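These are the residues of each chain, in order.
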Amino acid sequence: MFNTDIKKYKDYSSKSTLVLLITQQGLWALFAYRTANAIYKSNLPKLIKKVLLVFSVIHLKWIEILTGISIPYAASIGHSFYIGHFGQIIINSKAIIGNNCNISQGVTIGVSGRGERRGVPIIGNNVYIGANTTVVGKIQVGDNAVLGANSLVHRDVENGTTVLGVPAVQVSANSSNEYI
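Residues numbered from 1 in each chain as written. Predicted model: local features only at pLDDT ≥ 70, side-chain atom pairs only at ≥ 80, totals over all residues. Heavy atoms only, no water.

1. Examining helix α3 (residues 25-41)
Put simply, the rule reads: Secondary structure elements are taken from DSSP: a helix is a run of H or I of four residues or more, a strand is a run of E of two residues or more, and numbering for both begins at the N terminus. In a helix, the anticipated span is given by 1.5 Å times the number of residues less one. We call two residues in contact when some of their heavy atoms are within 4.5 Å.
Counted at 1.5 Å a residue, the expected span for α3 with its 17 residues is 24 Å, and the 24 Å between its end C-alpha atoms agrees. Buried residues belonging to α3 abut α1 (2-11), α2 (17-23), α4 (46-67), β1 (69-70), β2 (76-77) and β3 (82-83).

Right, dumping it as structure tokens:
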């Protein structure tokens, strides 16, 4: 899946793969995540898996310190993931993020709510999440949605709509087509 991440970065840049790998902190974080996630999901013997996960967690923590991007190995992130700018990105370990999604700096995808509403978001495919947006609670973000910058999203978002504000409300029926 890391190849599809690199391809997506190349779609946004004329730089070579090597230059992207050296200069893009989002790719550093994705490489560390994809490697650790592959180990986490593997059928390796328990002892070997635990040892490799210890080293992976140390690597993930090092990347988090360097980049400000926290992606736990247990999170589920689809292919072609793009982190537009590094810094202050927190993804809960139980988060589910679909394919071909873009997130910007300052994004938090986390746990919130009470009782039956307590949980972590499930984010669909082709979703754009703007800068400084917080997405929390046991909610569903539909495919092709746009979560506008500086928004607090704590309710379900319909497919192909744009939400904005605190709390986020639907502001248009525009999809993420122009953002992804």
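Moving on from the coordinates now.
2. Points about the packing of α3 against α4
Our working rule: Axis definition: a line fitted to C-alpha atoms, limited for helices to the stretch in contact. Angles are taken between N-to-C directions and run from 0 to 180 degrees. Angles are sorted into four bins: roughly parallel if under 35 degrees, roughly antiparallel if over 145, roughly perpendicular if 65 to 115, and oblique for all others. Take the far helix as your reference; a near helix turned counterclockwise from it by less than a right angle gives a left-handed crossing, and one turned clockwise gives a right-handed crossing. Residue polarity follows a fixed list, in which Ala, Val, Leu, Ile, Met, Phe, Trp, Tyr, Cys and Pro are nonpolar, Asp, Glu, Lys and Arg are charged, and the others, Gly among them, are polar.
Where α3 meets α4, the axes come as close as 9 Å, and the angle between the chain directions of the two elements is 165°. Classified by the angle between their axes, α3 and α4 sit roughly antiparallel to one another. Judged by the twist between their axes, the crossing of α3 over α4 is left-handed. Every residue of α4 that contacts α3 at Gln25, Trp28, Ala29, Phe31, Ala32, Tyr33, Ala36, Ile39, Tyr40 and Lys41 is listed here: Lys49, Leu52, Leu53, Ser56, His59, Leu60, Ile63 and Thr67. Classifying every residue of the contact of α3 with α4 gives twelve nonpolar, four polar and two charged.

3. Thoughts on the packing of aromatic side chains
How we decide: Here the aromatic set is Phe, Tyr and Trp, taking the six-membered ring for Trp, and pairing holds for ring centres within 6.5 Å; pairs whose planes are under 30 degrees apart are stacked, those over 60 apart are edge-to-face, and all others are tilted. Burial status follows relative accessibility: with a 1.4 Å probe on protein chains alone, a residue under 20% of its type maximum counts as buried, one over 50% as exposed, and anything between as partly exposed.
This structure, assessed with the given rule, holds five aromatic pairs. Seen from their ring centres, Phe2 and Phe31 are 5.4 Å apart, and the 65° between their planes marks the pair as edge-to-face. With Phe2 in helix α1 and Phe31 in helix α3, this pair connects stretches of sequence that are 29 residues apart. Of the residues examined, Phe31 reaches a relative accessible area of 43% and is grouped as partly exposed. For the ring pair Tyr128 and Tyr179, a centre distance of 4.7 Å and an interplane angle of 20° mean the geometry is stacked.

4. Some points on the pairing of strand β15 (residues 169-172)
Stated precisely, the cut-off is as follows: Strand pairing requires that DSSP identify at least two bridges connecting the strands.
Bridge count between strand β14 (residues 162-164) and β15: three bridges; the pairing is antiparallel. Of the residues in β15, the one forming a bridge with Val163 is Gln170. From the end of β14 to the start of β15, which pair antiparallel, there are four residues, and Gly165 there has a positive phi angle of about 110°.

5. As for the pattern of salt bridges
Our working definition: For this analysis, a salt bridge means a side-chain nitrogen from Lys or Arg found within 4 Å of a carboxyl oxygen belonging to Asp or Glu.
The tally for this structure, following the rule as stated, stands at three salt bridges. Asp5 is the salt-bridge partner of Arg34, the closest N and O atoms lying 2.8 Å from each other. On the criterion of sequence distance, the pair formed by Arg34 in helix α3 and Asp5 in helix α1 is long-range, its members being 29 residues apart. There is no split in this pair, since Arg34 and Asp5 are both buried. Residues Lys7 and Asp11 are paired through a salt bridge, measuring 3.8 Å at the closest nitrogen-oxygen approach.

6. A look at the side chain of Asn37
Applicable threshold: Whenever two N or O atoms come within 3.5 Å, that pair is a polar contact, provided that in protein one can donate a hydrogen and the other can accept it, and provided that, for residues adjacent in sequence, both atoms are side-chain atoms.
Relative to the assigned elements, Asn37 resides in helix α3. Within the structure, Asn37 has its side chain in polar contact with the backbone oxygen of Tyr73 (distance 2.7 Å). If near-sequence neighbours (up to four positions away) are discounted, Asn37 is found in contact with Tyr73, Ala74 and Ala75.

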